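# Understanding the architecture of this molecule
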Amino acid sequence: MAVEQGTGARQAHSRRDGEERRCGWCRSVLPAQESVGRPRLYCGQACRQRAYEQRSATAKAGLSDDVVLVTRAELDGLQDRLYQLRCAIEDVQTLLTERPTKAELERSLEDLIRSTGRLDRLWLNGRAAG
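Residues numbered from 1 in each chain as written. Predicted model: local features only at pLDDT ≥ 70, side-chain atom pairs only at ≥ 80, totals over all residues. Heavy atoms only, no water.

The next point concerns the state of the cysteines. Counted according to the given criterion, the structure contains zero disulfides. There is no disulfide at cysteine 47, and the cysteine sulfur nearest it, in cysteine 43, is 3.5 Å away. Look at cysteine 47 and you get buried, because its relative accessible area is 10%. (Disulfide = S-S within 2.5 Å. Buried < 20%, exposed > 50% of the residue type's maximum accessible area, 1.4 Å probe, protein only.)

So, in structure tokens, the structure goes:
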């Protein structure tokens, strides 16, 4: 989800380390908090409700809060993405030992960035991974 920036646009609230604050359920960037008080955890009531339902179901099943349940398809997708990232890193490492041209190096680094970007958009809590 893109956050508009500029005059009059809502800007993402950043932590002290420069990382954007994200909704605890859907992982969308939270708007800047202009008031004092406790920082927002969710972007809206629907996300707050889904998080409550998840905590409630986890507690009823006797599972700890740090347990993550994923389908076999989601796990397979994650493993595929991690394999793609590993291959992209190995390609860059191999290319660096071969005195690459600037174009070859740029192409290989673009592949690496693309693989990383796909992982960056993957969130296992909240909405379905994608």
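Following the structure, the description resumes.
What follows is about helix α1 (residues 45-60). Think of an α-helix as turning once every 3.6 residues; residues three or four places apart then point the same way. Here α1 contains 16 residues, and its C-alpha end-to-end distance of 22 Å stays within 8% of the 22 Å for a straight helix at 1.5 Å per residue. By the burial criterion, the buried members of α1 are Cys47, Ala51 and Thr58. Buried residues in α1, looked at end-on, bunch into an arc of 35 degrees, giving them a common side. Facing away from the buried side of α1 by over 90 degrees, the exposed positions are Gln45, Ala59 and Lys60. With its phi angle positive at about 75 degrees, glycine 62 sits one or two positions after the end of α1. (Helix = DSSP H or I, 4+ residues; strand = E, 2+ residues; numbered from the N terminus. Expected span 1.5 Å × (residues − 1). Arc of directions from axis to C-beta.)

A contiguous nonpolar patch, built from Leu63, Val67 and Leu69 and spanning about 260 Å² of accessible area, is present on the exposed surface. On the secondary structure map, valine 67 appears in the loop between α1 and α2 (72-96). Residue valine 67 is classed as partly exposed on the basis of its relative accessible area of 32%. (Patch = residues over 30% accessible without salt bridge, like charges linked within 9 Å, V, L, I, M, F, W, Y side chains within 5 Å. Areas by Shrake-Rupley, 256 points an atom, 1.4 Å probe, with all protein chains shown as cover. Salt bridge = Lys/Arg side-chain N within 4 Å of Asp/Glu carboxyl O.)

Before going further, it helps to examine unusual backbone geometry. With a phi angle near 70 degrees, arginine 27 is a residue other than glycine that sits in the positive phi range. Relative to the assigned elements, arginine 27 resides in the segment before α1. With a phi close to 50 degrees, arginine 99 is a non-glycine residue in the positive phi region. Counting through the fold element by element, arginine 99 comes out in the loop between α2 and α3 (102-120).

All right, on to the confidence of the model for the protein then. With 75% of its residues at a pLDDT of at least 70, the protein reaches an overall mean of 77. Taken element by element, the protein is modelled with least confidence in α3, mean pLDDT 82, and with most confidence in α1, mean pLDDT 90. Low pLDDT (under 50) marks residues 125-130, which in the prediction has 13 contacts with non-local residues, meaning those over four places away or in another chain. (pLDDT = per-residue confidence, 0-100. Contact = heavy atoms within 4.5 Å.)

Mapped onto the elements of the fold, isoleucine 89 is located in helix α2. As for isoleucine 89 and threonine 116, which are separated by 27 residues in sequence, their C-alpha atoms are 10.0 Å apart.

Here we take up the side chain of threonine 58. Mapped onto the elements of the fold, threonine 58 is located in helix α1. Using a relative accessible area of 16% as the deciding quantity, one classes threonine 58 as buried. If we skip the residues at most four places from it in the chain, threonine 58 touches Leu63 and Ser64.

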